[in-house]
Amino acid sequence: MSPPRRPLALLPTPLQRLAGMYLKRDDLCGFGLAGAKARALEYLLGDALARGADVLVTGGSPGSNFVAGAALAASVCGLDCEVLVAGTAGEQPTATVRMARCAGATVHYTGADRDALDTLVEERAAHLREHGRAPYAVPRGGATPVGALGFATAAEELAAQLPFDEAAVVLPVGSGASIAGLLAGRAAIGAGWRVYGVSVSRPLPRIRDEILGLVARMGHEAVTNWKLIDATGAAGDRDGPIMLAALRADGVLFDAKYGTKALAAVARLRPDTHAPVVLWHTGGLPAALDLLGRAAT
Ligand SMILES: Cc1ncc(COP(=O)(O)O)c(C=O)c1O
């Protein structure tokens, strides 16, 4: 039996051919500004609804695209939503926090570091349960085997679009949910792509363990033909020029946290691979507007 799924995104997203590479345009997912995170949310909301949940509880950093998308998904599905945001409220809420509020979510600032979020989400869900609610708790980035199904299905979607089997598929990595799903999905269909994950926030040994843990929980043990690239210390002053070059050459907008880091990694893939490159544009448009503001002044 296939897992419950609540359609949210406009799929398949286009696979665009550019000079020198292909772009998988999940920035065009068409669900708020959630980008690729809409894929995970389709399965998370499907599961939440199947379990009779009445409130979604999740958390993220102030700039989390996942949190904004989760709030919107909960609203569309008729669930309440509580969002825990790391740190304290700044003078001006971020675009993603504003999106979560506009979607009707209750936003709590935790005053704590983002690494405390998953525990705090569980605690908040337990509190709501004690008070008669039916919460569905989701860790940062939707990083559960259910959330990762979004990218397992995306692997099938890409295979149907790619005119060849040899490819280097590059995607930015935060919580690891997307790449874990992609690796599991690739294994399920037997595709020959080499997968490159560009870690933007977590050190490589930690994110590697988290990704492999998720892939194993999805039923795939031995994962080969993939590589992690460390972009956690990538210099922020290169983001503006990289973003502007892509914008001027192709009319495609990338954000600084994920998109420009992945784009910079593509430029350094040779000689590791000579296969055609597919760069997964995962979205991040709220922060892209910030970068545009900085680059233009
Ligand atoms: C735009 C964008 N790209 C990539 C990622 C990383 O995805 P994952 O957390 O599944 O590794 C995120 C995470 O929120 C994101 O918002």
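Provided above is the structure to which this section pertains.
Here the structure is a predicted model, which is why all the values come from computation and not from measurement.

Chemist: Even after reading the chapter, I still don't get helix α5 (residues 145-161), so can you show me in this structure?
Modeler: Its 17 residues place the ends of α5 25 Å apart at the C-alpha level, agreeing with the 24 Å of an ideal helix rising 1.5 Å per residue. Within α5, twelve of the 17 residues are buried, which leaves it mostly tucked inside the rest of the structure. Where α5 is concerned, the buried positions are Pro 145, Val 146, Gly 147, Ala 148, Leu 149, Gly 150, Phe 151, Ala 152, Thr 153, Ala 154, Ala 155 and Leu 158. Looking at the buried side of α5, the elements it contacts are β2 (21-25), α1 (37-50), α6 (177-189) and α7 (204-217).

Chemist: Teacher, can you tell me more about the packing of α1 against α5 here?
Modeler: Angle between the axes and distance between the axes are the two parameters that describe a pair of packed helices. Between α1 and α5, the least distance of the axes is 7 Å, while the angle of their chain directions is 130 degrees. Relative to α5, the element α1 lies oblique. α1 and α5 meet at a crossing whose hand is right-handed. In this structure, α1 contributes Arg 39, Ala 40, Glu 42, Tyr 43, Leu 44 and Asp 47 to the contact, and α5 contributes Val 146, Gly 147, Leu 149, Gly 150, Phe 151 and Ala 154. A class-by-class count of the residues in the contact of α1 with α5 yields seven nonpolar, two polar and three charged.

Chemist: Can you walk me through the site of the ligand in this structure?
Modeler: The local shell around the ligand holds 17 residues, among which Asn 65, Gly 174, Ser 178, Thr 282 and Gly 284 are the closest. Counting residues per element, the ones that place at least two in the shell around the ligand are α2 (65-76), β7 (168-173) and α6.

Chemist: Please clarify how the sheet that holds β2 should be interpreted in this entry.
Modeler: Within a beta sheet, neighbouring strands are joined by backbone hydrogen bonds and run either parallel or antiparallel to one another. Read from one edge of the open sheet, six strands run β1-β2-β10-β7-β8-β9, paired in mixed fashion. Only two strands of the sheet have a single neighbouring strand rather than two, namely β1 (15-18) and β9 (226-230). The average angle at which neighbouring strand axes cross in this sheet is 25 degrees, direction not considered. Of the pairings in the sheet, the one linking β1 to β2 comprises four bridges and is antiparallel in character. The residue of β2 that forms the bridge with Leu 15 is Lys 24. Of the strands in this sheet, β7, β8 (194-199) and β9 touch α6, which is tilted by about 170 degrees from β8.

Chemist: Teacher, can you tell me more about the pairing of β7 here?
Modeler: Looking along a regular strand, one sees the side chains alternate between the two faces of the sheet. In terms of burial, β7 is a largely internal element, six of the six residues being buried. Summarising the sheet, β7 and β8 pair through six bridges and their orientation is parallel. Looking at the pairing, Pro 172 lines up with Val 198 of β8. A crossover links β7 with its parallel partner β8, the connecting element being α6, and its sense is right-handed. Pairing between β7 and strand β10 (residues 277-281): three bridges, direction parallel. The residue bridging Ala 168 from the neighbouring strand is Val 277, located in β10.

Chemist: Is there a simple way to explain the nonpolar core in this structure?
Modeler: Burial of nonpolar side chains together is a common tendency in soluble globular proteins. Among the nonpolar cores identified, the biggest contains 95 residues, and Leu 56, Ala 70, Ala 71, Val 169 and Val 170 are the most heavily contacted of them. Both domain 1 (15-33 + 144-296) and domain 2 (39-142) contribute no fewer than three residues apiece to this core. When neighbours within four sequence positions are excluded, Ala 70 is seen to be in contact with Leu 41, Leu 56, Thr 58, Cys 81 and Val 138.

About the cut-offs
- Residues numbered from 1 in each chain as written.
- Predicted model: local features only at pLDDT ≥ 70, side-chain atom pairs only at ≥ 80, totals over all residues.
- Helix = DSSP H or I, 4+ residues; strand = E, 2+ residues; numbered from the N terminus.
- Expected span 1.5 Å × (residues − 1).
- Buried ≥ 20, exposed ≤ 12 C-beta atoms within 10 Å, placed from the backbone.
- Contact = placed C-beta atoms within 7 Å.
- Axes fitted to C-alpha atoms, helices over the stretch in contact; angles between N-to-C directions.
- Parallel < 35°, antiparallel > 145°, perpendicular 65-115°, else oblique.
- Left-handed = near helix turned anticlockwise from the far one by under 90°.
- Nonpolar A, V, L, I, M, F, W, Y, C, P; charged D, E, K, R; others polar.
- Near = placed C-beta within 6 Å.
- Pairing = 2+ DSSP bridges.
- Right-handed = clockwise from strand over helix to strand, strands pointing away.
- Core = buried A, V, L, I, M, F, W, Y, C linked by C-beta atoms within 7 Å.
- Domains from an automatic or database assignment.

Any functional reading would require information that these geometric values do not contain.
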